[in-house]
Amino acid sequence: ESLLKINKGSHNRLNCFITLEDMHTLDSAIKHSQDRYNNGTERRLEGIPIALKDNYTTKGIKTTCASKMLKDYVPTFDSTVAKLLKDEGAIIIGKTNMDEFAMGSSSTSGYFGSVVNPWSEKSKEKKELVAGGSSGGSAACVAADYVLASIGSDTGGSIRQPAAYCGVVGFKPSYGTISRYGLISYASSLDTPGVFSKNVDDASLLLDILIKQDMDHDATSISSPFKSIDESYQNYKKNKSIKDLVFGIPMDYLVKELDQEILDLWKKVVDDIEAAGGKVVPVSLPHTKYALPSYYLLATSEASSNLARFDGIRFGHRASSSTNQADEGWGQGLKQMYKDNRTEGFGEEVKKRILLGTMALSRGSIDNYYSKAQKIRRLISQDFKSVFKGTNTPQDPTQIKVDVIITPTSPTGAFEIDSHLDPINMYINDIMTIPSNMAGVPSVSIPLKLSKKNNTPLGLQLISKRLNDDLLLFASDLVM
Ligand code: GLN
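Residues numbered from 1 in each chain as written. Predicted model: local features only at pLDDT ≥ 70, side-chain atom pairs only at ≥ 80, totals over all residues.

Bringing the environment of Lys237 into the picture now. Relative to the helices and strands, Lys237 is located in helix H7 (residues 229–239). Judged by local crowding, Lys237 falls into the partly exposed class, with 15 C-beta atoms found within 10 Å. Note: C-alpha distance between Lys237 and Leu478 (241 residues apart in sequence) is 8.9 Å. Apart from residues lying up to four places away in sequence, Lys237 is in contact with Phe474 and Asp477. (Helix = DSSP H or I, 4+ residues; strand = E, 2+ residues; numbered from the N terminus. Buried ≥ 20, exposed ≤ 12 C-beta atoms within 10 Å, placed from the backbone. Contact = placed C-beta atoms within 7 Å.)

What follows is the structure in structure tokens.
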């Protein structure tokens, strides 16, 4: 069905794919899956169409990071994520549109144009809305029913925020549980692969397939405590109820930018949990206010180093002017060639971030910026630890251990594509998602209801202790 829809070209309107696998290859993949069904050897994702964000390498399929720099790059290897999906019989139908190099919150900064939120036409004003970002294409193609599930990457909110804007589930697991091999790096210490789906059960199945230690390829990949996260999630569903859980509400997330409708939804969910017998306590995450500035220093610092490889020689776009300059030998000519390649290959936002990161790491600034941001990162991580350990619930003298924190995913719902937010307002979008990346804790955005004002989706975010991803799935399913 999804292929039929795509064949008709309706996806073009949303601009959610950068590359679609050709129909001939898809047809033969479907045939192969049908054969496996017929002879009873089907795998867990046999014949299921899945889309991958265009920053995961796919052997023989273009992988562009939505950048002119990589517009013709065809990798010779599969990312671990792509390989694990294919091994289970999934059909990778295409690569999704995104913000250039995953830098952004709106999927409007890429070389291939903006992703349009599928809810735009159902919204009250029928204006074109953003799908969120940076994994906007992956969120949009699930919301529009082109695929049952898709893969995104989340460095500071890039799965959860578009999930909220498009009304789907977006799950970012604990840092290190899914291999980053073949995920083209933005900020390696924060980049986290994760999934989009329509419901929590599907997210759990995908995580079960993707959570696997990959020591040969990714030095930050860890061995996770669950033998099978899906089994453990299903066990929670069988044996536990909402009465066994304690939910924490961080007042520090009550920012002035928060939309009234989202605040009301947050309050209603708290009331509903209490009415169903769950316990809710106020908690404090006091360093939240420093998360945004320190994130933008750390992420851009890492990016400035990671993106150095795109010089037009090892990887990336080669400026046409460069042929003559190479003849000038390895002096000025070479430098000018790097300069031309990078000036032409990178877009504005990426250049801005490389400059900021280079400044933050420079000898005169590193102590004032990069090192201070690292210290703040440790304090943010400590905040979460205290809440989950039960040593940081100011109004509760019993010092109760919190299982799951509930917050809004983003201060607002999807905004208009042409709203031309200034960079500061754009960065504020991530204020609620960034702390989880800084601490490496799992967090998820779940769709809850439609905005009365605009008829577009509203979502909330749930966060749990590091490596309690199974419990987080359970809590999300309860709240949804
Ligand atoms: N919006 C954030 C940024 O631009 C997060 C992006 C992401 O998670 N990839 O850095």
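Attention shifts here to the environment of Thr456. Mapping Thr456 onto the fold places it in the loop between strand E10 (443–450) and strand E11 (457–464). Accessibility expressed as a C-beta count within 10 Å gives 21 for Thr456, which makes it buried. Setting aside chain neighbours within four positions, we find Thr456 in contact with Trp119, Ser123, Leu129, Gly413, Ala414, Leu450 and Ser451.

Once that is clear, we can look at the packing of helix H9 (residues 291–306) against helix H13 (residues 370–389). Angle between the axes and distance between the axes: these two values describe a pair of packed helices. One can describe the packing of H9 onto H13 by two numbers: an axis separation of 9 Å at closest approach and a directional angle of 125°. Considering their axes alone, H9 and H13 lie oblique with respect to each other. Note on packing geometry: the crossing formed by H9 with H13 is left-handed. Along the contact surface, H9 presents Ala291, Ser294, Leu297, Leu298 and Ser301, while H13 presents Tyr370, Ala373, Gln374, Ile376, Arg377 and Ile380. Taken together, the residues that form the contact of H9 with H13 break down as seven nonpolar, three polar and one charged. (Axes fitted to C-alpha atoms, helices over the stretch in contact; angles between N-to-C directions. Parallel < 35°, antiparallel > 145°, perpendicular 65-115°, else oblique. Left-handed = near helix turned anticlockwise from the far one by under 90°. Nonpolar A, V, L, I, M, F, W, Y, C, P; charged D, E, K, R; others polar.)

Our focus in this paragraph is the sheet that holds strand E8 (residues 279–283). Taken in spatial order, the 11 strands make up an open sheet running E1-E3-E2-E4-E6-E5-E10-E11-E9-E7-E8, and their pairing is mixed. Each edge of the open sheet carries a strand with a single partner, namely strand E1 (17–20) and E8. Averaged over neighbouring strand pairs, the angle between their axes works out to 30° when direction is ignored. Here three bridges tie strand E5 (residues 169–172) to strand E6 (residues 192–197), and the two strands are oriented antiparallel to one another. Along E6, the bridge assignment pairs Val169 with Ser197. Set on the sheet, helix H6 (residues 200–210) makes contact with strand E4 (149–154), E5 and E6; between it and E6 the angle comes to about 145°. (Pairing = 2+ DSSP bridges.)

Of all eight residues that make up helix H4 (residues 136–143), eight are buried, and the element is covered over most of its length. Considered for burial, the residues of H4 that qualify are Gly136, Gly137, Ser138, Ala139, Ala140, Cys141, Val142 and Ala143.

In the neighbourhood of the ligand, 13 residues make up the surrounding shell, with Ala102, Ser105, Thr155, Gly156 and Ser158 lying closest. Residues that form the shell around the ligand fall into these classes: four nonpolar, seven polar and two charged. (Near = placed C-beta within 6 Å.)

One broad rule of soluble globular proteins: the nonpolar side chains tend to lie buried together. Counting residues in hydrophobic clusters, the biggest one holds 123 residues, and the most contacted among them are Ile50, Ala139, Ala140 and Leu462. Look past the residues within four positions of Ala140 in its chain and what remains in contact with it is Leu14, Cys16, Val115, Asn117, Pro118, Ala131 and Cys166. (Core = buried A, V, L, I, M, F, W, Y, C linked by C-beta atoms within 7 Å.)

With 16 residues, helix H2 (residues 23–38) extends 22 Å between its outermost C-alpha atoms, agreeing within 8% with the 22 Å of an ideal straight helix rising 1.5 Å per residue. Looking one or two places after H2, you find Gly40, whose phi comes out positive at around 70°. (Expected span 1.5 Å × (residues − 1).)

Time to look at the domain arrangement of the protein. By the assigned domains, the protein splits into domain 1 (2–235) and domain 2 (311–345). Distance between the C-alpha centres of domain 1 and domain 2: 33 Å. The interface of domain 1 with domain 2 comprises four residues on the first partner and four residues on the second. Residues belonging to the side of domain 1 that touches domain 2 are distributed by class as follows: two nonpolar, one polar and one charged. (Domains from an automatic or database assignment.)

This part takes up unusual backbone geometry. Here the bond from Gly133 into Ser134 is cis, since omega is 10°, no more than 30 degrees from zero. For Ser134, the location among the structural elements is in the loop between strand E3 (91–96) and H4. A positive phi angle, near 70°, is found at Ala102, a position not held by glycine. You can see Ala102 is positioned in the loop between E3 and H4. With 31 C-beta atoms counted inside 10 Å, the residue Ala102 sits in the buried group. One non-glycine residue, Leu467, lies in the positive phi region at around 70°. Looking at the element boundaries, Leu467 is found in the loop between E11 and helix H16 (469–479).

A separate point is the UniProt feature "active site" (unreviewed entry) in the protein. Mapped onto the present numbering, the UniProt feature "active site" (unreviewed entry) falls at Lys53, Ser134 and Ser158. Spatially, the listed residues are clustered: although they cover 106 residues, their C-alpha atoms lie within 10.9 Å of one another. Aside from chain neighbours lying at most four places away, what touches Ser134 is Met98, Asp99, Ala102, Met103, Gly104, Ser107 and Ser158. The topology assignment puts Ser158 in the loop between E4 and helix H5 (160–166). A tally of 36 C-beta atoms within 10 Å means that Ser158 is categorised as buried. Once you skip the residues sitting within four places of it in the chain, Ser158 turns out to touch Ala102, Gly133, Ser134, Ser135, Gly152 and Ser153. (UniProt positions renumbered as here; feature names shortened; annotations may be inferred.)

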